[in-house]
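Descriptive analysis of the structure
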Amino acid sequence: MFQREWRLNEETMKKIREGLYTWSQFNEEKQLDFNGVYLHTGRKAVLIDPPALSEEDRQEIQAMGRPHRIYLSNKHHTRNSAVLRAHFHCPLYIHEDDAPLMEIPVDGTFSDGELLEDELEVVRIPDAKTPGECAFFWKKNGVLIVGDALIGKPPGSLSLLPDEKFRDPKRFKMGLLVLRGLDFDTLLVGDGQSLLSGARPIVEDFLQQWVVG
């Protein structure tokens with residue numbers, strides 16, 4: 001099933017800026033990319049929502065700085081994290097509200113507003129697909145990383161998961177307003193195509209249209 005459902009993109013890891021890389025795995029069923037992030041603060045490196053990595057990319061990551069932790073934005077983005085945890089010998093963390101829902105063991109949790117690696121802020125999205133859905137805000141570099149809160153589809157724009165994915169779609173959309181006021185230029189999405197520059201006004205316009213009305 002894995003061979004039929006997935007394929008690694010021809011492109012390998014792409015550099016977004018110093019210390020920030022992304023890579024993708026294409027999902028045939030959903031017809032979009034599932035994306036992972038490698039982030040190096042200058043002191044330590046982490047992986048976020050990692051899909052499978054080619055052996056070449058694993059070696060590249062090892063050379064740049066082995067990740068000391070893996071962070072997940074929600075329980076549905078477990079992806080290849082168990083394999084990569086074993087490969088890189090690093091613990092797996094998720095928001096404390098999603099930890100009881102995980103189908104694989106986790107090594108630790110984080111909470112709302114926590115500053116991971118002393119500079120990556122946890123922003124929980126209320127009433128989302130899972131109770132611990134969160135974004136990661138790298139303020140000093142103007143980068144926002146989301147899981148299932150926003151979908152990068154169609155390219156250059158944004159969309160949401162179908163209403164049936166949420167217990168209360170209206171409350172979820174209102175919950176997205178926690179992203180307002182964050183100062184970022186780059187939006188890295190877990191699913192679809194990321195917005196590498198000029199992302200904030202696109203997100204603001206999207207929230208105005210779909211949430212505020």
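Preceding this paragraph is the structure being described.
Along each chain, the written sequence defines residue order, and numbers are assigned to residues from 1. Reporting in this predicted model follows two pLDDT cut-offs: at least 70 for local features of residues, and 80 or more for side-chain atom pairs to be given and counted; totals over whole chains, interfaces and linings ignore these cut-offs and use all residues. By convention in this description, side-chain values take in all heavy atoms of the structure and omit both hydrogens and water.

Next up on the list: the overall build of the protein. Strands here are runs of E lasting at least two residues and helices are runs of H or I lasting at least four, both read from the DSSP assignment and numbered beginning at the N terminus. Regarding its fold elements, the protein presents five helices and 13 strands. Against the compact-globule benchmark of 17 Å for 213 residues, the protein has a radius of gyration of 16 Å, which places it among compact chains. With respect to the principal axes defined by its C-alpha atoms, the protein has extents near 45 × 40 × 35 Å. Burial classification: accessible surface area is computed with a 1.4 Å probe over protein chains only, and a residue below 20% of its type maximum counts as buried, one above 50% as exposed, and the rest as partly exposed. Counting all 213 residues of the protein, 51% fall into the buried class. Throughout, a contact is declared for two residues whenever any of their heavy atoms are within 4.5 Å. Taking all contacts inside the protein whose residues are at least 6 apart in sequence as the whole, residues at least 24 apart take part in 50%. Total accessible area on the protein is roughly 10,200 Å²; 48% of this is exposed by carbon and sulfur atoms. Working convention for charge: Lys and Arg count positive, Asp and Glu count negative, and His plus the chain ends are omitted. Where a charge lies is defined by one atom per residue type, namely NZ (Lys), CZ (Arg), CG (Asp) and CD (Glu). Across the protein, the centroid of the 26 positively charged side chains sits 1 Å from that of the 34 negatively charged ones. When we talk radius of gyration, it's over C-alpha atoms, and the globule rule is simply 2.2 Å times the number of residues to the 0.38. Using the Shrake-Rupley algorithm and a 1.4 Å probe, accessible areas are obtained, with residue cover drawn only from the displayed protein chains.

Structurally, the position occupied by His40 is in strand S4 (residues 32-40). In terms of polar contacts, His40 uses its side chain to reach the backbone amide nitrogen of Gly42, at 3.0 Å. The residues contacting His40, other than those within four sequence positions of it, are Gly19, Ala45, Met64, Gly65 and Trp138. Pairs of N or O atoms are called polar contacts if they sit within 3.5 Å, as long as, within protein, a hydrogen donor faces a hydrogen acceptor (for residues adjacent in sequence, only side-chain-to-side-chain pairs).

Mapped onto the secondary structure, Cys134 falls in strand S11 (residues 134-138). Assessed through its relative accessible area of 1%, Cys134 is described here as buried. Sequence-wise, Cys134 and Gly147 are 13 residues apart; in three dimensions their C-alpha atoms are separated by 6.9 Å. Excluding anything up to four places from it in sequence, Cys134 contacts Leu72, Ser73, Phe110, Val122, Val123, Arg124, Ile125 and Gly147.

Let us look at the pattern of salt bridges. We define a salt bridge as a side-chain nitrogen of Lys or Arg found within 4 Å of a carboxyl oxygen belonging to Asp or Glu. By the definition in use, this model includes 13 salt bridges. Close ionic contact of Lys15 with Glu18 constitutes a salt bridge, the shortest N to O distance being 3.0 Å. Residue classification places Glu18 among the exposed residues on the basis of a relative accessible area of 59%. Two residues, Arg200 and Asp183, come together in a salt bridge whose shortest N-O distance is 3.4 Å. In this pair, Arg200 is assigned in helix H5 (residues 199-212) and Asp183 in the loop between helix H4 (169-175) and strand S13 (186-189), connecting sequence segments 17 residues apart. Classification of Arg200 by relative accessible area gives partly exposed; the value is 28%. If you follow the salt bridges from partner to partner, you end up with Arg43, Asp118, Glu119 and Lys140 in one network.

Here we take up the sheet that holds strand S9 (residues 115-116). Any two strands between which DSSP finds at least two bridges are classified as paired. Pairing is mixed across the open sheet formed by five strands, whose spatial order is S9-S10-S11-S12-S13. Each having just a single partner strand, S9 and S13 make up the two edges of the open sheet. Here strand S12 (residues 143-146) runs beside S13; their pairing, made up of four bridges, is parallel. Across the sheet, Ile145 pairs through a bridge with Leu188, a residue of S13.

The description of two aromatic rings rests on the distance between their centres and on the angle between their planes. Stacked, edge-to-face and tilted are the three classes for Phe, Tyr and Trp ring pairs, Trp counted by its six-membered ring, which pair at centre distances within 6.5 Å; planes under 30 degrees apart are stacked, over 60 edge-to-face, the rest tilted. If you walk through the whole model with that rule in mind, you get seven aromatic pairs. Considering the side-chain rings of Tyr71 and Phe136, the 6.3 Å spacing of their centres and the 35° angle between planes classify their relative orientation as tilted. Note that Tyr71 is positioned in strand S6 (residues 67-71) and Phe136 in strand S11, a separation of 65 residues in sequence. Comparing Tyr71 with Phe136, the two get one shared label, buried. Here the aromatic cluster, defined as three or more aromatic residues joined through ring pairs, consists of Tyr71, Tyr93, Phe110 and Phe136. By the criterion adopted, a ring carries a charge over it if an Arg CZ or a Lys NZ lies within 6 Å of its centre and within 35 degrees of its normal. Between the NZ or CZ atom of Arg69 and the centre of the ring of Tyr93, over which it lies, the distance is 4.1 Å.

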